[in-house]
Amino acid sequence: MATVTCKDFQGRFELPEDLARGSSPGDLSVQAHLRDCPSCRSFIEDLGKIRAAAAQLVASDPEPPARIWFSLRAELEKEGLIRDTPSKTPSKSWVRELFSGRFTALPRPVLAGGYLAALLAIAFGLSGPINSRINRQRWLDGTQSSTEPLSAQLMSAEKASFSSFPASESPVTASLHQNLEIVDNYISLCENSVREEPENELAREYLYEAYQQKADLLAQLNEQ
Amino acid sequence: MSTAQFVPLRFNWKTGLLAPGLLLVTSSAVFAHNIEKHFKVEPRSVVTIHNPNGKVVVKAWTKSEVMVIATHASDKVEVDAEQTGNRVDVMTHQISNSISPDDLRADYQINVPEDAELQIHDDSGEVSVANVLGDMNVETVGAGVDLEDAAGYLTVRTVGGSFQCIRCAGRLEVSSISGSFKLLSLRSYHVHAQTSKGNILFDGEFLPNGIYRLKNYSGVIEVHFSPGDSFDLSATSLKGKVNSQASLTPPAHAHPVYSKFGNAILGTFNAGHAKVELSSFDGTINILKRE
Amino acid sequence: MARVRRIETPGELPESEAIRLAQAGNAAAFERLYRLHNRRVYSLCLRMVGNTAEAEDLTQEAFLQLFRKIATFRGESAFSTWLHRLAVNVVLMRLRKKSATESSLDEMTEPDEESGGPRRDFGMPDLRLSGSIDRVNLQRAVDQLPPGYKAVFVLHDVQGYEHNEIAEIMDCSIGNSKSQLHKARMRLRELLHESMRDKAREDRKAAGNAGGED
């Protein structure tokens, strides 16, 4: 029986798969080496661990961001590869994709105002992806028509929450009220910014998130 | 079978507990109530703590046991710790309708196995967790939160409480309205930190394929980097300033359209292995080299 | 021209039908195909280039090339194999541009020992990779692999393709695929050992500095 060296053993690339499948290597000298050499046994075990760990890697991969599709779709339209008439109502999955995970930092149950914040986002999404064909006035009109009912809803919820509290409130409710004022201030700043630059997606994102924060704070106040 | 030993002094006590455990009660002062409870648990236990006011300190130990030590001054509250299967629930109950915030206070010292999953709700006071490697969800209003050597999926939400995280790994999501954050010596592959009126300091590692998103409305976002780090940077402040000491190369790829508004710095540092996104409404963003 | 049906719920369209409709220019069909495969393609690109921004670009480029050529797809191979082949080519071309030299897939591997590759000690008592392997350390090690090794490793061990599929994707032989995979795993093992040794060294240093304080 020819002697198998560690170099020979570790160079045989089909061995790890065979051993992983439970097949015994046909070559007796290889079997003997595996039995007698702790280093090569360790080598085979390590390769198995690497393979097992690699299979878990894909589970940790982030979701591809929604902007890849938006950008891709715009390019397909530009190149004329998309040939059917664009629908006035965008696909639900596109809208869902745009706003999924947007508010994951704030997972608490929220008042109807928070739900309306999501509706606002969807309503705004119906305007379609930003590109040079969409004009400034349309953005401004779209923003105002979406934010006015939401703003009114949140204001009335805020008034209701203030009226239900006794004159002397706990430090916790005092803190919630103080932070509500902070958020109201940011809503006002963001609204001004959106009015000045309606095409500024980042400003609108900040505005939506401020509404969401406000709804969340009101929900916490109600829980107190 | 459990053996219960207790000294019946001035406290109320729920005795219908389900799990066996060693029960030891002492009282050291006339108006101070202490309880200590132990629960045997299996790996990956879940521990929930609901405490409206007071300190919550959680530490990991090597035993397969959860130990709860609770102290409260007022007899208008009672503290409960119950076990159901592999889950231990700890809560502070208000037992009188007329109660001041100080009466509501209870302080906890809890030891857990390092792989325990924690869910903590503490409106005001302090929350401190050390060496726990399981997933964690912490919610407070004004209470500050301090995590050290934690790992797993960490989610923290405060309204006004500050947040400090030292030598943490795993995935971190933290949000606040007016709390400030200090993220130090982090080895996390995913960080999402958002506050409205607070400052954010990030001084940690940028792992390859890691994603680091820091966002506020106003205040300062400060990020420290070393010459050996490798990240793609997108830093935008709509109304404030962006200052960077990193020598960036313009990237080959397109960036989000909103970068044309406000002040922005976009580029790649070294090979661009991690992704760093910094965003502020009218605050200042500083990207500074470590000395 | 084929009559295009209006797609009300793109989420339910079978792939074969989506391909047919995409060949006719249907937008919802394009989206359906994208949704079916985007995660895998993005994951492949991310593992190969190591940063999310570039992975996004490459994902978009791969799908763009796919959709440009979709009219020529005749079903000789599985659609996903065809797509992944495009994606791998897009990635390797980008990596080749970065290294600024034209090289074949076989050349984009580690030099052998004769030409100055790392010395490999066989049969030495070495540190076992204890416990399970940390995902972060593994990814760091994968990032250090040469492109050819990395491609085969990612396709086989991470994404689960068989060698015959990899051979088709990478236009190489099955034997070549197996050999590259083996070399990739051996190199990863070395890198992980180095990482373990570094960590052990740091821990010893830290313990020395702490001086026993608790």
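Only a predicted model underlies this, so the values are computations on that prediction, with no experimental measurement involved.

Enquirer: Can you walk me through the overall build of chain A in this structure?
Expert: Looking only at helices and strands, one finds 10 helices and zero strands in chain A. Beginning at the N terminus, the succession of helices and strands in chain A can be written as α-α-α-α-α-α-α-α-α-α. A buried classification covers 34% of the 224 residues belonging to chain A. Looking at chain A alone, contacts between residues at least 24 apart form 75% of all its contacts between residues at least 6 apart.

Enquirer: Help me out: how do you make sense of the interface of chain A and chain C in this one?
Expert: Contacts between chain A and chain C engage 36 residues on the former and 44 residues on the latter. For the side of chain A that touches chain C, the elements supplying multiple residues, two or more each, are α1 (6–11), α4 (38–57) and α5 (66–78) of chain A. Residue contributions to the side of chain A that touches chain C peak at 12 residues, all from α4(A). Among the residues forming the side of chain A that touches chain C, the class breakdown is 18 nonpolar, eight polar and 10 charged.

Enquirer: What is the right way to read the interface of chain A and chain B from this model?
Expert: Many structure descriptions define interface size as the accessible area lost when the parts assemble. Facing 22 residues of chain A, the contacting portion of chain B comprises 25 residues. Looking at the side of chain A that touches chain B, the elements with two or more residues in it are α9 (171–196) and α10 (201–223) of chain A. By residue number, the principal contributor to the side of chain A that touches chain B is α9(A), which donates nine residues. Classifying every residue of the side of chain A that touches chain B by side-chain character gives 13 nonpolar, six polar and three charged.

Enquirer: What should I look at first to understand the nonpolar core in this one?
Expert: Inside soluble globular proteins, nonpolar side chains tend to come together where they are buried. Ranked by internal contacts, the top residues of the largest apolar core, which has 96 residues, are C190(A), L207(A), I110(B) and C168(B). Here the element with the most residues in this core is α10(A); it accounts for 11 residues. Core analysis: the second largest hydrophobic core is formed by 64 residues, V30(A), L72(A), M48(C) and V158(C) among them.

Enquirer: Mind showing me how you'd approach helix α7 (residues 163–170) of chain C here?
Expert: Counting along an α-helix, one turn takes 3.6 residues, and residues three or four places apart therefore face a common direction. All names here are of chain C. Restricting attention to buried positions, one finds in α7 the residues H163, E165, I166, I169 and M170. Buried residues of α7 fall within an arc of 155 degrees about the axis and therefore sit on the same side. Following α7 by one or two positions, D171 adopts a phi angle in the positive range, close to 55 degrees.

Enquirer: Could you clarify how one ought to interpret the environment of V242(B) in this entry?
Expert: Structurally, V242(B) is set in strand β21 (residues 242–244). Those residues in contact with V242(B) that lie beyond four places of it in its chain are A235(B), S237(B), N263(B), A264(B), I265(B) and I285(B).

Enquirer: So what exactly am I meant to see when it comes to unusual backbone geometry here?
Expert: A negative phi holds for most residues other than glycine; trans holds for most peptide bonds. Residues and elements named next belong to chain B. Phi at N131 is positive, roughly 65 degrees, even though this residue is not glycine. Among the residues examined, N131 registers 16 C-beta atoms within 10 Å and is labelled partly exposed. Even without a glycine there, the phi angle at N270 is positive, about 55 degrees. Mapped onto the secondary structure, N270 falls in the loop between β22 (263–269) and β23 (274–280).

So, how was this worked out
- Residues numbered from 1 in each chain as written.
- Chains lettered and ligands numbered in written order.
- Predicted model: local features only at pLDDT ≥ 70, side-chain atom pairs only at ≥ 80, totals over all residues.
- Helix = DSSP H or I, 4+ residues; strand = E, 2+ residues; numbered from the N terminus.
- Buried ≥ 20, exposed ≤ 12 C-beta atoms within 10 Å, placed from the backbone.
- Contact = placed C-beta atoms within 7 Å.
- Nonpolar A, V, L, I, M, F, W, Y, C, P; charged D, E, K, R; others polar.
- Core = buried A, V, L, I, M, F, W, Y, C linked by C-beta atoms within 7 Å.
- Arc of directions from axis to C-beta.

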